[in-house]
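# Commentary on secondary and tertiary structure
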Amino acid sequence: MPDIEQTKAKARRIREHALRMVHRANASHIGTGLSMADILAVLYGGVAKVDAANPRDPDRDRVVLSKGHGAAAFYACLAESGFFPVERLATFCEDGTALAGHVSHHVPGVDFSTGSLGHGLSLGCGVALGFKRDGRPGRAFVILSDGECDEGSIWEAALFAPHHRLDNLVAVVDYNKIQSFGTVKEVLDLEPFADKWRAFNWHVEVVDGHDHAALAQAFAAVPAVAGRPTVILADTVKGKGVSFMEDKLLWHYRSPSAEQLEAAIAEVRGTE
Amino acid sequence: MRTAFIEGLLEAAKDRPDIVLLTADLGFSVLEKFHDALPAQYLNVGVAEQNMMGMAAGLADLGRTVFTYSIANFPTMRCLEQVRNDICYHGYPVRVVSVGGGLTYASQGYTHHGVEDIGVMRALPGMTVIAPGDPAEAAAATKALCDMPGPAYLRLGKAGEPKVHAGPIDFAIGRALRVRDGADVTLVSTGGMLVYALETAERLAKEGIGARVLSMHTVKPLDEAAIVAALAETALVVTVEEHNVGSGLGAAVAQVVAGIDGPRAAFRRYGLPDERYSRVGGHAYMREMMGDLRALVHAALPRARRGG
Ligand SMILES: Cc1ncc(C[n+]2csc(CCOP(=O)(O)OP(=O)(O)O)c2C)c(N)n1
């Protein structure tokens, strides 16, 4: 079980790194990084069996960040988890870097490159199926965004996983209710979202995606029902932790100025 | 080019209720003016490119001329079969518009590099493939696409590309624009590489090498006459594209070159090698993967002049 004080501290550091990275690189997508910082911190705070000292362990759990535009926060989490020095985060999007603006498997700790939405759940199905067939204990954790669930491929994988009793597969949806060009409600409503997953025979956990204890509990319950994959619908706020970024489409695109960065970091450090 | 496109489309669509613009959840700070002016001719379909393309064919069946908008590979490869079967096979007037062609989303990583899109789209029977060289060409292409029958792919860069053409242009789909004259070498450029081709031509001119520059905005149907003329009139023909050289403009021109019997100019392709890469960076950094066009001309021209 994760140590909640530690995961909270980790989430703060992820947010701070991600803010600095997108500021320095003048990059987009800070909103999604802040939205999932708590999910990442808990997942990498003792849930996922991954070890920076043995990063290619064949039995390690696989983590897929299907919403690859969350790269900054993901790299920050991996650096904070010891996969590479945090100093390397400063190369984000710089000439000659492996730390691309969308997740690259050339970065230590990353298994799958992503960035085109809707690929991750199928990757997770393959990993989970492979582990099962090999009789090995590994699991697949896939982090999805809500807008991403517009893609048909997500629902092909959603249909597949319970049929093949992949209870070693865990999907987490960062359900922040905003996509690229509007709110989820305006663009393509997902509700009743939990019911859709239930109807597809998934075990569904609905949690506050910024509540570390609740997230830890949901992860700990896996597999809650033998033979069923788990989906954690994490209720989140896009831009969480920085008041002027919260729930704003603009921060899917904009990079904070030096002044905004300072204000944002002060807020993030004060967050409990 | 994005701006030239959306302004041109809005202009045309005002008098053409049959024109519809679909986006797969992209176009922030670009498409708003279209949506605000013509909400009944606009729809954000969500992050669902396959559904968008199938729907576009359905709308086209009901008499619409459909423009679909997305980034790089999402409206082409993600939904390739919808484009091939539902749109191309039926010959529907759907215009697949993609922004971020080439390496414009440089540091964003491989998933966002549209460097095989021309090749993939050009492989489809009935598909017209256009990569404008500057905003003026983008505007002219948009206008032309409103009236053309059958499907088309319009490959745009991002925003803020420099204007190459000073005055009005005589734009026609399938006809190259001769942007510069020169007697020694012909640079055949497609898309935003036009600026680089012209810069290179100017530097070559200072060294006494005359370079003709063609803007081959339409890769399919290819202006074969312009290629044949260049092969006859200059000693070296080089295709210039921000795309994999194995399948894009270079490959298309190579097919023309291969069909010529008897003496002709030497031929080279400038673009991205057919290789994977793990490092990214800014646009200029990414373009370094293609090498230096002037050096390529210097290396190839002496032998080309000797006729071999
Ligand atoms: C296949 C595909 N289509 C379109 C995009 C462009 N795109 C990037 S992020 C995004 C949507 C962002 O919303 P959401 O998926 O809900 O993620 P959030 O940032 O809210 O966490 C889109 C459409 C993409 N990356 N991949």
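Residues numbered from 1 in each chain as written. Chains lettered and ligands numbered in written order. Predicted model: local features only at pLDDT ≥ 70, side-chain atom pairs only at ≥ 80, totals over all residues. Heavy atoms only, no water.

### Comments concerning the overall build of chain A
Scanning chain A from terminus to terminus reveals nine helices and five strands. Ordering the α and β elements of chain A from the N terminus gives α-α-β-α-α-β-α-β-α-α-β-α-β-α. Expected size for 272 residues packed as a compact globule is a radius of gyration near 19 Å; at 17 Å, chain A falls within 12% of this value. Reported as C-alpha extents along the three principal axes, the dimensions of chain A are approximately 50 × 45 × 35 Å. Counting every position in chain A, which comprises 272 residues, the buried fraction comes to 58%. Accessible area of chain A: about 10300 Å², with a carbon and sulfur share of 50%. Separation of charge centres in chain A, based on 28 positive and 35 negative side chains, amounts to 3 Å. (Helix = DSSP H or I, 4+ residues; strand = E, 2+ residues; numbered from the N terminus. Rg over C-alpha atoms; globule rule 2.2 N^0.38 Å. Buried < 20%, exposed > 50% of the residue type's maximum accessible area, 1.4 Å probe, protein only. Areas by Shrake-Rupley, 256 points an atom, 1.4 Å probe, with all protein chains shown as cover. Lys, Arg positive; Asp, Glu negative; His and termini not counted. Charge placed at Lys NZ, Arg CZ, Asp CG, Glu CD.)

### Let's talk about the pattern of salt bridges
All names here are of chain A. Following the criterion strictly, the structure yields 24 salt bridges over all chains and no others. Between D174 and K67 there is a salt bridge; the shortest N-O distance is 2.7 Å. Taken together, the residues span a long stretch of sequence, with D174 in strand β3 (residues 169-175) and K67 in the loop between β1 (62-65) and α3 (71-80) at a distance of 107 residues. Shared partners join several salt bridges into a network, and the residues in it are E16, R20 and R269. (Salt bridge = Lys/Arg side-chain N within 4 Å of Asp/Glu carboxyl O.)

### With respect to α3 of chain A
Residue and element names in this part refer to chain A. Here α3 lies mainly inside the structure; nine of its 10 residues are buried. Taken together, the buried positions of α3 are A71, A72, A73, F74, Y75, A76, C77, L78 and A79. Summarising the contacts, the buried residues of α3 are in contact with α1 (4-25), α2 (30-47) and β1. Following α3 by one or two positions, G82 adopts a phi angle in the positive range, close to 95°. (Contact = heavy atoms within 4.5 Å.)

### Description of the interface of chain A and chain B
Of the residues lining the interface, 31 residues belong to chain A; the matching set on chain B comes to 28 residues. Surface buried jointly by chain A and chain B totals about 2300 Å² across both partners, of which 53% is contributed by carbon and sulfur atoms. Put simply, chain A and chain B have one salt bridge between them. In this structure, E151 of chain A engages R78 of chain B in a salt bridge whose closest nitrogen and oxygen atoms are separated by 3.4 Å. At the boundary of chain A and chain B, one finds 16 residue pairs in polar contact (both at pLDDT 80 or more). Across the side of chain A that touches chain B, the residue classes tally to 10 nonpolar, 16 polar and five charged. (Buried area = accessible area lost by both parts, 1.4 Å probe. Polar contact = N/O pair within 3.5 Å; in protein donor to acceptor, adjacent residues only side chain to side chain. Nonpolar A, V, L, I, M, F, W, Y, C, P; charged D, E, K, R; others polar.)

### Some words on empty space enclosed by the protein
What the rule picks out here adds up to two cavities of 30 Å³ or more. Of the voids in this model, the largest cavity is the one considered here, and its volume is about 80 Å³. Taken together, Y44, V50, P55, R56, R60, D61, V63, F83, G109 and D111 of chain A make up the full set of residues lining the largest cavity. By residue class, the composition of the lining of the largest cavity is five nonpolar, one polar and four charged. Volume-wise, the second largest cavity comes out at about 60 Å³. A27, S28, H29, H69, A71, A72, F92, C93 and G101 of chain A together with Q108 of chain B are the residues that line the second largest cavity. Residues that form the lining of the second largest cavity fall into these classes: five nonpolar, five polar and no charged. (1 Å grid on protein atoms, 1.4 Å probe; cavity = no way out; pocket = protein on both sides within 12 Å on 5 of 7 lines; lining within 4 Å. Points joined across faces, edges and corners; volume = space filled by probe spheres on them.)

### Here's the deal with the environment of D15 of chain B
Mapping D15 of chain B onto the fold places it in the loop between α1 (2-14) and β1 (19-23). Distance in space between the C-alpha atoms of D15 of chain B and F34 of chain B is 13 Å, their sequence separation being 19 residues.

### Topic: the layout of surface pockets
In this structure, the largest pocket spans a volume of roughly 900 Å³. Along its surface, the largest pocket is lined by 50 residues, and H29 and Y253 of chain A together with L26, I71 and Y105 of chain B are the ones closest to its centre. Across the lining of the largest pocket, the residue classes break down as 16 nonpolar, 24 polar and 10 charged. A domain split of the lining of the largest pocket shows at least three residues from each of domain 1 (2-156) and domain 2 (177-305) of chain B. A per-class count over the lining of the second largest pocket returns nine nonpolar, 15 polar and three charged. Each of domain 1 (2-156) and domain 2 (177-305) of chain B gives at least three residues to the lining of the second largest pocket. (Domains from an automatic or database assignment.)

### Regarding the domain arrangement of chain B
Residue and element names in this part refer to chain B. According to the domain assignment, chain B contains domain 1 (2-156) and domain 2 (177-305). Its C-alpha centre places domain 1 at a distance of 26 Å from the equivalent point of domain 2. Counting from both sides, the interface comprises 28 residues of domain 1 and, opposite them, 29 residues of domain 2. In total, domain 1 and domain 2 occlude about 2100 Å² of area from one another, counting both sides; carbon and sulfur atoms represent 59% of this. For domain 1, the biggest contributors to the area lost against domain 2 are L103, R122 and E137; these three give 30% of the whole. Seen at the junction of domain 1 and domain 2, the total is zero salt bridges.

### Some points on the site of the ligand
Neighbouring the ligand are 23 residues; T32, S145, D146 and I178 of chain A together with E49 of chain B lie closest to it. At the site occupied by the ligand, nearby residues are drawn from chains A and B. Starting from 580 Å² of accessible surface for the ligand in isolation, the protein chains cover 99%. At a threshold of 2 Å from the grid points, most atoms of the ligand map onto the largest pocket. Considering only residue class, the shell around the ligand consists of five nonpolar, 10 polar and eight charged. (Near = heavy atom within 4 Å. Sits in = over half its atoms within 2 Å of the grid points.)

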